[in-house]
Amino acid sequence: MITFTEPTEQDIRNEKLYADMGLTDGEYDKVIGILGREPNYTETGIFSVMWSEHCSYKHSKPLLKQFPTTGDRVLMGPGEGAGVVDIGDNQAVVFKVESHNHPSAVEPYQGAATGVGGIIRDIVSIGARPVGLLNSLRFGELSEPNNRRLLRGVVAGIGGYGNCIGIPTVSGEVEFDPSYDGNPLVNAMCVGTIDHDKIQKGTARGIGNKVIYVGLKTGRDGIHGATFASEELTEASESKRPSVQIGDPFTGKKLMEATLDAIRQPELVGIQDMGAAGLTSSSAEMAAKGESGIALHLDQVPVREDGITPYEMMLSETQERMLLVVEDGSEDKFLDMFEGYELDSAVIGEVTDTDRLELFFHGEKYADIPVQPLSDEAPVYILEGEAPEQDATPYSYGDQNLNAVFDALIGHPTHGSKSYIYEQYDNQVGANTVQKSGFGAGVVRVEGTDKAIAMAIDGKSRYVYADPLNGGKEAVAQTFRSIISTGALPLAMTDCLNYGSPEKPEIYHQLEASTRGMAEACEVLSTPVVSGNVSLYNESKGTILPTPVIGMVGLIEDVNFMAGVEISAGDALYLVGETTKSFAGSQIEKLIDNDIRKQARHIDLKLEYARGMDLRGRLIDGEVKKIAPVGRGGIAIKLAQLSAFHHLGMDVEINLDGEDLFAENASRYIVIAPAGLDLKDGTEIGRLTDEGFHIGTHDLTIDRSIDAISNTWEGAIPQCMTSTD
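Residues numbered from 1 in each chain as written. Predicted model: local features only at pLDDT ≥ 70, side-chain atom pairs only at ≥ 80, totals over all residues. Heavy atoms only, no water.

You'll find the protein entered in an unreviewed UniProt entry as Phosphoribosylformylglycinamidine synthase subunit PurL, with Salinicoccus bachuensis given as the organism. Turning to the protein, the UniProt annotation filed under Pathway (unreviewed entry) states: "Purine metabolism; IMP biosynthesis via de novo pathway; 5-amino-1-(5-phospho-D-ribosyl)imidazole from N(2)-formyl-N(1)-(5-phospho-D-ribosyl)glycinamide: step 1/2." (UniProt positions renumbered as here; feature names shortened; annotations may be inferred.)

This is the structure in C-alpha cells:
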C-alpha cells in the first residue's frame with residue numbers, strides 16, 4: 001500500500017491549515033457539522049475549492065438571482081457549462097464569458113491562454129462547435145513597463161492558444177486605466193453552434209454507469225487555482241505561480257474533436273470540463289445534478305509523475321481534460337475512440353446510489369462527503385453596502401484647450417486602433433467570418449446557411465463607478481447597441497462581474513446596485529442572462545474600477561444584406577439622439593480632472609430599445625449604410641475613429657457647444673446614409689469627404705488632415721509599446 005505523509009485532522013484544526021486553503025473558522029465548523037467529524041486533509045481541500053468564491057459565488061449568488069434567465073428562445077440557462085439559445089431551424093447558439101484575471105497577473109501568457117482554453121471546453125462540453133472567440137481586457141496605463149509586459153504576455157497567450165486550435169477571434173475591447181495596475185482583467189468569451197438534439201448536460205445518473213477520464217495526464221499544475229482566484233493579489237502572489245495552469249492547444253484541439261465525436265454516441269450520459277477545481281468540481285457537480293453518488297478510484301487516474309497524492313489529484317487544474325459518464329458496458333467503445341485521437345483515457349469510477357462523493361486509492365478510502373451539501377450548501381453571505389456621498393460639483397470644460405483634449409484622447413490607447421492587438425489573432429480561420437475585429441461586433445456565418453451570429457463584448461467601468469445603478473444599465477445597453485449596429489436581433493447575454501473585495505461596504509454597494517441596474521436593462525432590452533462568471537477580490541495596488549463585462553449575441557436572418565455596402569465620400573453623417581452635458585465617468589473628466597465624480601447618469605431604457613430597433617430595421621432595409629454607437633470620448637472621438645478606420649475625411653457642423661463633443665450620455669449613434677434622410681431623433685451634421693477632417697461647433701473648431709487623424713489613431717498603442725524607460 002502506498003502511504004502519503006499529510007497533516008492529520010488535529011494538525012488541520014490546531015494549526016488552522018484550513019485557513020491557508022481559504023476556509024474561515026465558521027466555514028470549517030460547518031464542514032464538521034456536515035460530516036459529523038473533523039475532515040481529513042483531502043476532504044478539507046475539496047471543501048475549500050468547492051466553497052471558494054470562484055466556484056460557489058457565495059457573495060454574489062443572491063444578486064445573480066435578480067437577472068432574468070428565461071425567454072422564448074432560451075433553451076438552457078445558468079447552471080450548466082454555457083447558455084443555449086434557439087436560432088431557428090433546429091439550431092442553437094451556445095456562449096459564455098469567463099475571467100482569468102489572477103492567473104494572468106502572475107503569469108500573463110499561460111493565464112490568458114488557459115482562459116481561452118477553458119472557455120472553449122465549456123462550449124464544447126455542451127456539444128457545440130466553437131465558431132468565434134472574443135475578449136475583454138483591462139490594463140494599467142502603458143506608460144508603466146509592467147503594464148506593457150502584461151499586455152504583451154496576455155495578447156500572445158490569447159493568440160497562441162486561439163490560433164493553434166483553429167477558432168477565429170472576431171471581436172474584443174480594451175481599456176487602460178491606473179486602477180488596473182498590477183491587476184489586469186482578462187475575460188474570454190466563446191460562441192458555438194449546435195443542433196437542438198445534440199445539447200448535453202453535465203450530469204451523472206444511472207447506477208453502475210462508468211466514469212471516464214480523458215485528456216492530459218494530471219500533474220501538479222494549478223493546484224488550488226480556484227482558491228487563488230478568490231483572494232486578493234499581494235506581493236506574495238508571485239509564490240502562487242504553481243497555481244497557474246499550463247495550456248496545450250494542440251492537445252486541446254484533439255480533445256475538442258474527440259469530445260464532439262463522443263457527444264454523437266447514444267451511450268453518453270453526461271460530460272463536463274475539468275476546469276476550475278478540476279476533478280473535484282466536475283465529479284461533485286455532475287453527481288449533484290444527477291441526484292446520485294459517485295465513487296472514484298484515483299489510482300486509475302492518468303498521472304504525469306509518480307507520487308501524486310489524492311489531495312493533489314482532486315485539486316489539480318491541469319488543462320485539456322474532460323470527465324464523462326457513459327452507460328455501463330459501453331466504456332470500451334469510448335476508450336477505443338479516444339485512443340484513435342491519441343488521448344489518454346481511463347475508467348476511473350462509477351455512479352452510485354449513495355449520494356456521496358467517495359474517493360479510493362488502492363482500496364483505501366481518502367474521502368467520503370455527501371454530494372449535495374458539498375455542491376449546493378456553500379455559505380451565502382449577504383452583506384451591507386454603503387453608498388458614497390454624491391458630488392454635486394458642476395462640470396465646465398468650455399475654458400479648456402479642447403483641441404489639445406481631442407489630440408490627447410484620439411492618441412490614447414483606450415480610444416486608438418487596437419490593430420496592434422487583434423493582428424496577432426487569426427480572425428478568418430474557418431472561412432465563415434463576415435465581420436472581423438477592427439470596428440464593432442464580430443459577425444460569423446452559420447455554416448451552410450444565410451444566417452449569421454453577431455457577437456459583442458463591452459464594459460463601462462467609469463460609468464459604473466460614477467453611478468452603479470445606471471452604469472449597470474449602460475453596460476448592457478452599450479453592448480445592445482453594438483449588436484443592433486450589425487443588423488442583428490439581440491437574443492441573450494452572458495456577464496462577467498469583475499469587482500474588488502465584496503467585504504468592503506462601498507464595493508458591495510457597487511456590486512448590488514450595478515447588478516440591479518443590469519437586471520432592469522436585461523428585462524427592457526429583451527436580453528436574458530443565460531450564463532456568466534464572477535471575479536471578486538480584484539485588489540492589488542488598490543481596488544479596480546467596478547467592471548461588469550457584458551457579452552451578447554444576436555441573430556442575422558439573412559447576412560447577404562451586408563454584401564456590397566460601401567462607405568464613400570459624399571455620404572451624409574447623422575447624429576441620432578439628444579446630447580446632454582453628461583460628463584460623470586467620461587474620458588474628458590479622466591484626462592482633465594483625473595477623477596470620477598459620483599454623480600447620477602441617465603438612461604431611458606424604453607427609448608434605448610425603440611431607437612436601436614428602429615435603426616436596425618433601417619440598416620437591414622438598406623436605408624442607412626452604417627450605424628456607429630457613440631461611446632467613450634463622445635461625438636468627437638467617434639467621428640475621428642470613423643475617419644481613420646475608413647481613411648475618409650469629413651466636414652461636420654454641429655449645433656452644440658465645443659465641450660459637448662466630449663459628453664458621454666447614452667443612446668446616441670453616428671449614422672452614415674444618403675443625404676436628406678428623415679431619421680427619428682436624428683440630425684444631418686455633415687458629409688464624408690476625400691480630404692480634410694473638420695468639426696465646427698458654437699465655440700470650437702477642429703481641423704486636421706486625414707493622415708494626421710489616421711496616424712495618431714493607428715499609433716496610439718504601438719507608440720507606447722516601443723517606448724523605452
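From this point, things continue past the structure.
Novice: Can you lay out the overall build of the protein for me, pointing to particular residues and giving the numbers?
Specialist: Summing up its helical and strand segments, the protein has 25 helices and 26 strands in all. Relative to the compact-globule value of 27 Å for 725 residues, the protein shows a C-alpha radius of gyration of 26 Å, a close match. For the protein, the residues scored as buried account for 63% of the 725 residues in total. The contacts of the protein with a sequence gap of at least 6 include a subset with a gap of at least 24, amounting to 85%. A total of about 25,100 Å² of accessible surface is found on the protein, and carbon and sulfur atoms cover 47% of it. If you average the places of the 60 positive and of the 109 negative side-chain charges in the protein, the two averages end up 2 Å apart. (Helix = DSSP H or I, 4+ residues; strand = E, 2+ residues; numbered from the N terminus. Rg over C-alpha atoms; globule rule 2.2 N^0.38 Å. Buried < 20%, exposed > 50% of the residue type's maximum accessible area, 1.4 Å probe, protein only. Contact = heavy atoms within 4.5 Å. Areas by Shrake-Rupley, 256 points an atom, 1.4 Å probe, with all protein chains shown as cover. Lys, Arg positive; Asp, Glu negative; His and termini not counted. Charge placed at Lys NZ, Arg CZ, Asp CG, Glu CD.)

Novice: Kindly report on the sheet that holds strand β15 (residues 442–445), identifying the contributing residues and their values.
Specialist: The mixed open sheet is built from six strands, whose spatial order is β14-β15-β16-β19-β17-β18. What marks the edges here is a single partner per strand, and that holds for β14 (433–435) and β18 (529–535). Taking the axes of each pair of neighbouring strands and ignoring which way they run, one obtains an average angle of 20° across the sheet. Examined bridge by bridge, strand β17 (residues 489–498) and strand β19 (residues 547–556) share nine bridges and lie antiparallel to one another. Following the sheet pairing, Asn-498 is matched in β19 by Thr-547. The strands that helix α19 (residues 468–484) touches are β16 (452–459), β17 and β19; relative to β19, the one it contacts most, it runs at about 30°. (Pairing = 2+ DSSP bridges. Axes fitted to C-alpha atoms, helices over the stretch in contact; angles between N-to-C directions.)

Novice: An account of unusual backbone geometry is requested, with residue identities and associated values reported.
Specialist: A positive phi angle is found at Glu-291, which is not glycine, with a value near 50°. Positionally, Glu-291 belongs in the loop between α12 (278–289) and β9 (293–297). Positive phi outside glycine occurs at Glu-320, with the angle close to 60°. Within the secondary structure layout, Glu-320 lies in the loop between α13 (310–315) and β10 (321–326).

Novice: Outline the packing of helix α23 (residues 634–646) against helix α24 (residues 706–714), listing residues and values.
Specialist: The interhelical angle for the contact between α23 and α24, taken along N-to-C directions, is 95°, at an axis separation of 9 Å. Judged on the interaxial angle alone, α24 and α23 are roughly perpendicular. Contacts between α23 and α24 involve Ala-640, Gln-641, Ser-643, Ala-644 and Phe-645 on the former and, on the latter, Ile-709, Ser-710, Trp-713 and Glu-714. For the contact of α23 with α24, the class distribution of residues is five nonpolar, three polar and one charged. (Parallel < 35°, antiparallel > 145°, perpendicular 65-115°, else oblique. Nonpolar A, V, L, I, M, F, W, Y, C, P; charged D, E, K, R; others polar.)

Novice: A description of the UniProt feature "domain: PurM-like N-terminal" (unreviewed entry) in the protein should follow, citing residues and the corresponding values.
Specialist: The sites that UniProt annotates as "domain: PurM-like N-terminal" (unreviewed entry) are residues 79–194 and 441–556. From the first C-alpha to the last, residues 79–194 spans 18 Å; its make-up is 39% helix and 38% strand. Split by type, residues 441–556 is 37% helix and 34% strand. Its first and last C-alpha atoms lie 12 Å apart.

Novice: Account for the nonpolar core, with residues named and values stated.
Specialist: The biggest cluster of nonpolar side chains holds 54 residues, and the ones touching the most others in it are Ile-120, Leu-151, Leu-324, Phe-334 and Phe-338. In contact with Leu-151, other than residues within four places in its own chain, are Phe-139, Leu-142, Phe-176, Tyr-420, Ile-421, Ile-717 and Met-721. Counting 50 residues, the second largest nonpolar core, distinct from the first, contains Phe-4, Val-301, Ala-346 and Ile-348. (Core = buried A, V, L, I, M, F, W, Y, C linked by side-chain atoms within 4.5 Å.)

Novice: How would you summarise the packing of helix α8 (residues 108–125) against helix α9 (residues 145–165) if you had to cite specific residues and measurements?
Specialist: In the contact formed by α8 and α9, the axes pass within 7 Å of each other and the chain directions differ by 35°. Considering only the axes of α8 and α9, their crossing is right-handed. Contacts from Pro-108, Tyr-109, Ala-112, Ala-113, Val-116, Gly-117, Ile-120 and Arg-121 in α8 reach Arg-149, Leu-150, Gly-153, Val-154, Ala-156, Gly-157, Ile-158, Gly-160, Tyr-161, Gly-162 and Ile-165 in α9. By residue class, the composition of the contact of α8 with α9 is twelve nonpolar, five polar and two charged. (Left-handed = near helix turned anticlockwise from the far one by under 90°.)

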